[in-house]
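Fold and contact review
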Amino acid sequence: MPVQRRSAQRLARILDACAELLDETGYEELSTRAVAGRAGVPIGSVYRFFPNKRAMAEALARRNLDVYADRISARLAAPGQPPGWRAAMDVVIDEYLAMKRTVPGFALVEFTVPAPRESREANHEVADRLLRLLAGRLGLDPADDRLRTVFLVGVESADALLQLAFRTDPEGDPEIVTETKELLRAYLARDLDSAPGTAGASESAVTAGSADGTETNGASLTGGTLGRAPGHP
């Protein structure tokens, strides 16, 4: 166990260093040697975990997705969190926005490395992860093909619109963030208002999220805005 703990701590330092350097140099200039120096570990320790920088960035992306899911779960379990899918979707958006604004490296490596093809594949994984995460709370069937498609379209739509928000404003254009939430509520209502276990149409009166994407009365969708760094896929 001590050996495993040391190994996990070293891996965490490597990924932390990778994230910091992504913000400073970008993905193209990232190198395993620079990461080793920043993490204070021998270069061999980096290669023990990762054969190249792409594998390292992919591991960072997987960690980001785990952190994102944990943040959403914690928010949804917090006392006073409003019930219903609209409030839950707002949490999904607000936590994504918060990570975009505060988590090192997230501007370039969210849930995948900077490449359009992998980004599309990653959105499938993000959509399925969100559906599984919310299924119990909202009474949804995570194996329902229709819902999987609906969640994928929602993720793809939010991804594109929030990228636009951050191209317009380094902190995420508040008006575009608000419109993104409204668009998602309107799209998801068709399927989630009629889903067993959801609050249905009575949720329509739930207070909308604040314009700047911060949580207000539980109404916001993902806690991190699409990054402020150029070159985001």
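Everything below is about the structure shown above.
To keep things clear, this report deals only with the structure shown in the data block.

**Points about the overall build of the protein**
Tallying secondary structure elements over the protein gives eight helices and zero strands in all. Here the protein, with 233 residues, has 49% of them falling under the buried criterion. The contacts of the protein with a sequence gap of at least 6 include a subset with a gap of at least 24, amounting to 75%. Here the protein has roughly 10,900 Å² of accessible surface; of this, 54% comes from carbon and sulfur atoms.

**Observations regarding the pattern of salt bridges**
The tally for this structure, following the rule as stated, stands at 16 salt bridges. Of the charged contacts in the structure, one is a salt bridge between Asp193 and Arg86, with a shortest N-O distance of 3.1 Å. Linking Asp193 in the segment after α8 (174-192) with Arg86 in helix α5 (residues 85-102), this pair joins segments that are 107 residues apart in sequence. Overall, the relative accessible area of 24% leaves Asp193 in the partly exposed class. Arg86 sits in the buried class, given a relative accessible area of 9%. For Arg185, the salt bridge is made with Glu182, and the minimal N-O distance between the two is 3.0 Å. You can see Arg185 and its partner Glu182 sitting in helix α8, three residues apart, about one turn around the helix. One connected set of salt bridges, linked through shared partners, spans Glu20, Glu24 and Arg38.

**Points about the side chain of Asn123**
Structurally, Asn123 is set in helix α6 (residues 116-138). Overall, Asn123 belongs to the buried group, its relative accessible area being 8%.

**Observations concerning helix α7 (residues 145-168)**
Since there are 3.6 residues in each turn of an α-helix, residues three or four apart along the chain are aligned in direction. Taking 1.5 Å as the rise per residue, α7 with 24 residues should run 34 Å; its terminal C-alpha atoms sit 35 Å apart, in good agreement. Every buried residue belonging to α7 is among Leu147, Val150, Phe151, Leu152, Gly154, Val155, Ala158, Asp159, Leu162, Gln163, Ala165 and Phe166, and all of these are buried.

**A short note on the nonpolar core**
Core analysis: the largest hydrophobic core is formed by 39 residues, its most contacted members being Tyr68, Leu130, Leu134, Leu140 and Phe151. Elements supplying a minimum of two residues to this core: α4 (53-77), α5, α6, α7 and α8. When sequence neighbours within four positions are dropped, the list of residues in contact with Leu134 reads Leu76, Ala88, Met89, Val92 and Phe151.

What counts, and at which threshold
- Residues numbered from 1 in each chain as written.
- Predicted model: local features only at pLDDT ≥ 70, side-chain atom pairs only at ≥ 80, totals over all residues.
- Heavy atoms only, no water.
- Helix = DSSP H or I, 4+ residues; strand = E, 2+ residues; numbered from the N terminus.
- Buried < 20%, exposed > 50% of the residue type's maximum accessible area, 1.4 Å probe, protein only.
- Contact = heavy atoms within 4.5 Å.
- Areas by Shrake-Rupley, 256 points an atom, 1.4 Å probe, with all protein chains shown as cover.
- Salt bridge = Lys/Arg side-chain N within 4 Å of Asp/Glu carboxyl O.
- Expected span 1.5 Å × (residues − 1).
- Core = buried A, V, L, I, M, F, W, Y, C linked by side-chain atoms within 4.5 Å.

Shape is all these values report; function is a separate question.
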